[in-house]
Structures are given as structure tokens and as C-alpha cells.
Amino acid sequence: LAFTSVTVGKKLIAKVAGPKTSKLRRKAHFHLRGVRDPNTGGGVTSVSWSWGDGHRSKGKRVSHSWHKTGRFKIKVTLRDNTGVKTSYVIHEKVK
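Details of the nonpolar core
And step 1. Core analysis: the largest hydrophobic core is formed by 18 residues, its most contacted members being Phe-30, Leu-32, Trp-49, Trp-66 and Ile-74.
And step 2. Mapped onto this core, the elements with two or more residues apiece are β2 (12-18), β4 (28-36), β5 (44-50), β8 (70-80) and β9 (85-94).
And step 3. The leading source of residues in this core is β8, at four residues.
And step 4. Not counting residues within four places of it along the chain, the set of residues in contact with Trp-66 comprises Ser-22, Leu-24, Arg-25, Ala-28, Phe-30, Trp-51, Asp-53, Phe-72, Ile-74, Glu-92 and Val-94.

Here it is in C-alpha cells:
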């Protein structure tokens, strides 16, 4: 797993963990660690994932499998208790 510390938008901070390369038709597991909202302290209330292939998931711990090879943009969107919505995009290679 590759751990990357990212600032998501203006207020939300998270560490996104997951493989940089996935195998075709095998589940890849992703999760967020250290998620926090330093400005409001209220925390993140929802996390959604868009896998770049038309599918979506919700939660801090998710898994996904792709059914064709290529590079995919994974968009992770977080929302806090005040409604602030911020996103981050990572790239996944499927072979």
C-alpha cells in the first residue's frame, strides 16, 4: 500500500492508502486514515469514491475491481459537518 498525505480542499486533511497498480478483475482495497477537519473540528461526515469507470462507493474503507485495463482517475470526495465539500484525484493503473 502507498500512503500519501494530502490536503483535500481548504479544510479537510486525509491520508489515502491503496495500491498504485491493480490487477484486472481483482479487488483493490483503499482507505482513508488521519481524516480531520482542522478548522471546524467537527470531522468528516461522508466520503465518496468515483472509480473512473462509472461506478461509485461510499465510506472510509472501500474496495473496487476494474473489468478492463488502463489508467483510471479515482476521485475521492469528502464532506464535513458544515457541508464543506472537497475532492482529491488519484490515478490507478490496471493491468
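So, the pairing of β9
And step 1. Across two bridges, strand β3 (residues 21-22) lies against β9 in parallel orientation. The residue bridging Ser-22 from the neighbouring strand is Val-94, located in β9.
And step 2. The pairing of β8 with β9 spans ten bridges and is classified as antiparallel. The partner of Phe-72 across the bridge, within β9, is Glu-92.
And step 3. Between the antiparallel neighbours β8 and β9 lie four residues, among them Gly-83 with a positive phi of about 95°.

Conventions and cut-offs
Residues numbered from 1 in each chain as written. Predicted model: local features only at pLDDT ≥ 70, side-chain atom pairs only at ≥ 80, totals over all residues. Heavy atoms only, no water. Core = buried A, V, L, I, M, F, W, Y, C linked by side-chain atoms within 4.5 Å. Buried < 20%, exposed > 50% of the residue type's maximum accessible area, 1.4 Å probe, protein only. Helix = DSSP H or I, 4+ residues; strand = E, 2+ residues; numbered from the N terminus. Contact = heavy atoms within 4.5 Å. Pairing = 2+ DSSP bridges.

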